[in-house]
Structure formats: structure tokens, C-alpha cells
Amino acid sequence: MALNHVRFVSRSLITKETVGVSFQRTFATGKAKKGSKGGAAADAPKASSLSKEVKSSTVVGANILKEGSDPKIQPDSEYPDWLWHLLDKRPALSELRRKDIQKLPYEDLKRFVKLDNRARIKENNSLKSKN
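Residues numbered from 1 in each chain as written. Predicted model: local features only at pLDDT ≥ 70, side-chain atom pairs only at ≥ 80, totals over all residues. Heavy atoms only, no water.

Caption draft 1: Structural view of the overall build of the chain. What the chain contains, in helices and strands, is five helices and zero strands. If you list the helices and strands of the chain from N to C, you get α-α-α-α-α. In the chain, which comprises 131 residues, the proportion classed as buried is 8%. Look at the contacts in the chain between residues 6 or more apart in sequence, and 4% of them connect residues 24 or more apart. (Helix = DSSP H or I, 4+ residues; strand = E, 2+ residues; numbered from the N terminus. Buried < 20%, exposed > 50% of the residue type's maximum accessible area, 1.4 Å probe, protein only. Contact = heavy atoms within 4.5 Å.)

Following this line, the structure appears as C-alpha cells:
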């Protein structure tokens, strides 16, 4: 395929400048800078044009609609209680195995069953793949 393309270009009556322009590889961002690798300078974070007051009173970037504005930050009392517990550390499977299952709270018992099932499935899958 490439050899046929070369033969076609060499046989046609096209000047060298035309061949150079029409078959030159270009990049989407323009010409690459000499000595730079990967474009790390272009990926560097830029200084924000928003004031500190705007950043502290709104959730910047949370607006998903074309028209509208970013939502304002509410006082903590306006948010539901469960929201503050989303980032709490939950016990790992090893910790749950050390505890007495009869005395576990319901939420920890559910987590234990889920993690134990997941571990058994992984173990069975690894045994099947070895055979």
C-alpha cells in the first residue's frame, strides 16, 4: 500500500513544495516546541480569575446546566445528617472477623456479609483459574 502511494507520488507531475505541504504531519495544537516533551507546560495549572469571596461562598463548577449559576454554599444545618458520615472510616474485613458476630451492629453485620462473600468469590475464582 505504501509502495503504491510512493509510486503514485513519484509518477505524478507535482512540485516538491506541494508534496511537502500536502503530506506533512501536523499536530492539533500547531507545531511542537523544540526541546519539550509531552506538553507538560501546557498542562500546568493556571491562576484562577475568581476572587476568594466567590470561591468561599459558591461551589465552583457544580453547575451542569447551560444557563444558570453555581449553587451557593449553605450552612451545615441545611444539609442532611447522613452527609457528614459518608467519609467515616468503616471496619475492614479482618477487623470484622476478629469481633464476635453475635454482637455486631446491623450495619457492620451487613458489611461483614458483603465483604466475606466478595472474598470467597475471589478465592474460588483464583482456584478455578489455577486448575
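Caption draft 2: Layout of a positive patch on the surface. Taken together, the side chains of Arg90, Lys114, Arg118 and Lys122 present a region of like positive charge at the surface. Summarising the element assignment, Lys114 is placed in helix H5 (residues 106–130). Residue class for Lys114 comes out partly exposed when judged on its relative accessible area of 42%. (Patch = residues over 30% accessible without salt bridge, like charges linked within 9 Å, V, L, I, M, F, W, Y side chains within 5 Å. Areas by Shrake-Rupley, 256 points an atom, 1.4 Å probe, with all protein chains shown as cover. Salt bridge = Lys/Arg side-chain N within 4 Å of Asp/Glu carboxyl O. Lys, Arg positive; Asp, Glu negative; His and termini not counted. Charge placed at Lys NZ, Arg CZ, Asp CG, Glu CD.)

Caption draft 3: Broad picture of the nonpolar core. In this structure, Leu93, Leu96, Leu104, Phe112 and Leu115 together form the largest nonpolar core, which totals five residues. Elements represented by at least two residues in this core include exactly helix H4 (93–98) and H5. Those residues in contact with Leu96 that sit more than four places away from it in its chain are Pro91, Leu104, Asp108, Arg111, Phe112 and Leu115. (Core = buried A, V, L, I, M, F, W, Y, C linked by side-chain atoms within 4.5 Å.)

Caption draft 4: Region of interest: the pattern of salt bridges. Counting across every chain of the model gives three salt bridges. Across the pair Asp116 and Arg97 runs a salt bridge whose closest N-O atoms are separated by 2.9 Å. Placement of the pair is Asp116 in helix H5 and Arg97 in helix H4, with a sequence separation of 19 residues. Given the relative accessible area of 18%, Asp116 is considered buried. Several salt bridges share partner residues, and in doing so they unite Arg97, Asp116 and Arg120 into one network.

Caption draft 5: Summary view of the side chain of Asp108. Inspection of the secondary structure puts Asp108 in helix H5. Lacking a salt bridge, the buried Asp108 has Lys99 as its closest oppositely charged neighbour, with an N-O distance of 4.8 Å. Setting aside residues no more than four positions away along its own chain, Asp108 makes contact with Pro91 and Leu96.

Caption draft 6: Main features of the environment of Glu107. You can see Glu107 is positioned in helix H5. In this structure Glu107 comes out as exposed when scored by relative accessible area, which is 53%. A C-alpha to C-alpha distance of 9.9 Å links Glu107 and Arg90, two positions 17 residues apart in sequence.

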